[in-house]
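An overview of the molecular structure
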Amino acid sequence: MDLLQKILSIAQANPQRIVLPEGTEIRTLKAADRIISENAAKITLIGNPEEINRLAKDNGLTNIGKAIIIDPKNHAKKELYTNLLVELRKKKGMTFEQASVLVEDPLYLGCLMIKNGDADGEVAGARNATGDVLRPAFQIVKTLPGISVVSGAFLMFLKDKSYGENGLMIFGDCAVNPTPNAAELAQIAISTAETARNIAGFEPRIAMLSFSTKGSSKNEAVDKVVEATRLAKEMQPTLMIDGELQADAALVESVAGLKVKDSDVAGKANALIFPSLEAANIAYKLVQRLAGAEAIGPILQGIAAPVNDLSRGCSTDDIFRMITITSNQAIELKK
Ligand code: ACO
């Protein structure tokens, strides 16, 4: 997978400040050690310094000495971050006392570091559930201008190279929004297009998927996809996007030829947007398991600075890769 090598090289050329809130989690620590040794990011670890140093020593992680270590219970910017959190959440009724408890939570602290300009991105989730990683990111880092929903895309490296871009496709939203409405689905398409360009390195041809192709079924679920397609085109008139399409009409030229006229997407889609989280999450796991695809993600998109969530079953390699992807997203956002 040359793309992953390219992502690593981009990260190495411009090392970003990446914060890892699960600094005492061993896979995270091993990934951090490798990132530092390969000069792919400047790492900040959140956690008890003695524990981090002991784990590093016991596991022969000699590069951890070069990371910044922040003790969530005792560090120089605690009051500053507490005030920042109160400021950000005062409309929600947050008091200084409540905020001073939350700033000791590494997942809140990591996002506050980003918000205050002390880090460029965050990777977490080896130890914490998705919701617990995402909630502080939504509340503190917030979304990009013009986007109100953060979503999650997967890069799918297929064995069959006849699909997508020589076997590479992108699927969204496989991770965050259970039941997006038409406007949210349009934003998911726009955000996935950005991830396709900025991380996967290709110009997207987006299929807005449904169980219907161009009016073959009448249903409000179909109407939602049609409306989302219209809204996405309105948001980005030059975007190659078409819908509603069934998966075969999106992917197979011969089927597209029978069902769709004049489409720059049908039969050759490289980006698939699913109508719900159920459909997307099930689809990416089926393609991964039944077709032997490598699935990389979720890559969170639409967020004002990159925060990425790991699966709790992740490997050290997965964390290493996600740090390099997060760095690439940070570099793109600064352009
Ligand atoms: N984008 C941006 N902000 C959001 C989003 C979103 N998609 N969803 C919620 N928010 C904001 C809300 O506006 C709210 O902000 P506020 O406090 O400033 O008003 C805050 O986040 C909390 O919102 P809630 O509605 O209370 O959200 P909750 O915390 O209950 O849920 C969550 C958010 C956890 C992400 C939920 O959407 C969820 O569980 N999604 C499914 C995640 C999941 O299980 N994915 C599958 C597994 S991942 C995988 O397999 C790869």
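Residues numbered from 1 in each chain as written. Predicted model: local features only at pLDDT ≥ 70, side-chain atom pairs only at ≥ 80, totals over all residues. Heavy atoms only, no water.

**Examining the overall build of the chain**
Selection criterion: Strands are runs of DSSP state E lasting at least two residues, helices are runs of H or I lasting at least four, and both sets are numbered from the N terminus onward. Radius of gyration: C-alpha atoms only; globule rule: 2.2 Å multiplied by the number of residues to the exponent 0.38. Here's how the labels work: a residue is buried when its accessible area is under 20% of the maximum for its type, exposed when over 50%, partly exposed in between, all with a 1.4 Å probe on protein chains only. Residue contacts are counted whenever heavy atoms from the two residues lie within 4.5 Å of one another. Note on areas: these come from Shrake-Rupley sampling with a 1.4 Å probe, and a residue is covered only by the protein chains present in the view.
Each helix and strand in the chain was counted, giving 13 helices and eleven strands. The globule rule puts the C-alpha radius of gyration for 335 residues at 20 Å, and the 21 Å found for the chain is close to it. Based on the C-alpha atoms only, the size of the chain along its principal axes is roughly 65 × 45 × 35 Å. The buried share of the chain, reckoned over its 335 residues, is 54%. Across the chain, the fraction of contacts at a sequence separation of at least 24, relative to all contacts at a separation of at least 6, is 73%. Total accessible area on the chain stands at roughly 14,700 Å², and carbon and sulfur atoms take up 51% of it.

**Focus on the sheet that holds strand S7 (residues 205-209)**
The strands making up a sheet associate through backbone hydrogen bonding, with each pair oriented either parallel or antiparallel. Applicable threshold: DSSP calls a pair of strands paired once it identifies at least 2 bridges connecting them. Every axis corresponds to a line fitted to the C-alpha atoms, with the helix fit spanning only the stretch in contact, and the corresponding angles, defined between N-to-C directions, vary from 0 to 180 degrees.
Spatially, six strands are ordered S8-S7-S9-S6-S5-S10 in an open sheet, and the strand pairing comes out mixed. Of all strands in the sheet, those with a lone pairing partner are strand S8 (240-245) and strand S10 (294-301), marking the two edges. Each strand axis lies, on average, 20 degrees off the axis of its neighbour in the sheet, ignoring direction. The pairing of S7 with strand S9 (residues 271-273) spans three bridges and is classified as parallel. Its bridge partner being in S9, Ile206 is matched across the sheet by Ala271. Helix H9 (residues 220-235) contacts S7 and S8 of the sheet and is inclined by roughly 170 degrees relative to S8.

**Details of the site of the ligand**
Keep this limit in mind: In these notes, residues near a molecule or strand are those with any non-hydrogen atom within 4 Å of it. A 3.5 Å cut-off defines polar contacts: any pair of N or O atoms within that distance qualifies, except that in protein one atom must be a possible hydrogen donor and the other a possible acceptor, and neighbouring residues in sequence count only when both atoms are side-chain atoms.
Neighbouring the ligand are 18 residues; Arg89, Arg135, Val150, Ala175 and Asn177 lie closest to it. Taking Arg89, its side chain carries an N or O atom lying 2.7 Å from an oxygen atom of the ligand. A distance of 2.7 Å separates a nitrogen atom of the ligand from a polar atom in the backbone of Val150. If the ligand stood free it would expose 990 Å²; the protein chains cover 61% of that surface. Taken together, the elements giving at least two residues each to the shell around the ligand come down to helix H7 (130-141) and helix H12 (277-290).

**Notes on the packing of aromatic side chains**
Spelled out, the test is: Aromatic rings from Phe, Tyr and Trp, taking only the six-membered ring of Trp, are treated as a pair when their centres fall within 6.5 Å; an angle between ring planes under 30 degrees marks them as stacked, one over 60 as edge-to-face, and anything in between as tilted. Criterion for a charge above a ring: Lys NZ or Arg CZ within 6 Å of the ring centre, and within 35 degrees of the ring normal.
If you walk through the whole model with that rule in mind, you get two aromatic pairs. On the numbers, 3.8 Å between centres and 20 degrees between planes, the contact of Phe154 with Tyr284 is stacked. With Phe154 in strand S5 (residues 151-157) and Tyr284 in helix H12, this pair connects stretches of sequence that are 130 residues apart. Neither Phe154 nor Tyr284 differs from the other in exposure class; each is buried. Above the face of the Phe320 ring, Arg34 is positioned so that its terminal group lies 3.6 Å from the ring centre.

**Side note on the nonpolar core**
Where we set the bar: Residues enter a nonpolar core if they are buried and are Ala, Val, Leu, Ile, Met, Phe, Trp, Tyr or Cys, with the set joined through side-chain atoms within 4.5 Å. Domain start and end points were adopted from an automatic or database domain assignment.
If you look at the biggest cluster of nonpolar residues, it comprises 59 residues, and the most contacted ones within it are Ile43, Leu45, Leu155, Ile206, Met208 and Ile323. The greatest single-element share of this core, amounting to ten residues, is contributed by helix H8 (residues 182-200). Formed jointly, this core draws a minimum of three residues from each of two domains, domain 1 (2-142 + 304-333) and domain 2 (151-294). Beyond its immediate sequence surroundings of up to four residues, Leu155 is in contact with Leu3, Leu168, Met169, Ile170, Ile199, Ala200, Glu294, Ala295, Ile296 and Ile299. Counting 31 residues, the second-largest nonpolar core is a separate cluster that includes Leu85, Val86, Ile140 and Ala305.

**A few points about the domain arrangement of the chain**
By a widespread convention, an interface's size corresponds to the accessible area lost as its parts come together. Under the convention used in this document: The term buried area denotes the loss of accessible surface (1.4 Å probe radius) that occurs when two parts are joined, taken as the sum for both partners. Each reported salt bridge corresponds to a side-chain nitrogen of Lys or Arg within 4 Å of a carboxyl oxygen of Asp or Glu. All residues other than Ala, Val, Leu, Ile, Met, Phe, Trp, Tyr, Cys, Pro, Asp, Glu, Lys and Arg, Gly among them, are scored as polar; the first ten of these are nonpolar and the last four charged.
If you check the domain split of the chain, you get domain 1 (2-142 + 304-333) and domain 2 (151-294). With ten residues of domain 1 in contact, the opposing surface of domain 2 contributes nine residues. Roughly 710 Å² is buried in total at the junction of domain 1 and domain 2, and carbon and sulfur atoms are behind 72% of that figure. At the junction of domain 1 and domain 2, the tally comes to one salt bridge. Taking the shortest distance from any N to any O, the salt bridge between Arg321 and Glu294 comes out at 3.6 Å. Run the count over domain 1 and domain 2 and you get zero residue pairs in polar contact (both at pLDDT 80 or more). The dominant element in the side of domain 1 that touches domain 2, judged by the number of residues it contributes, is helix H13 (residues 316-333), at five residues. Taken together, the residues of the side of domain 1 that touches domain 2 break down into five nonpolar, two polar and three charged.

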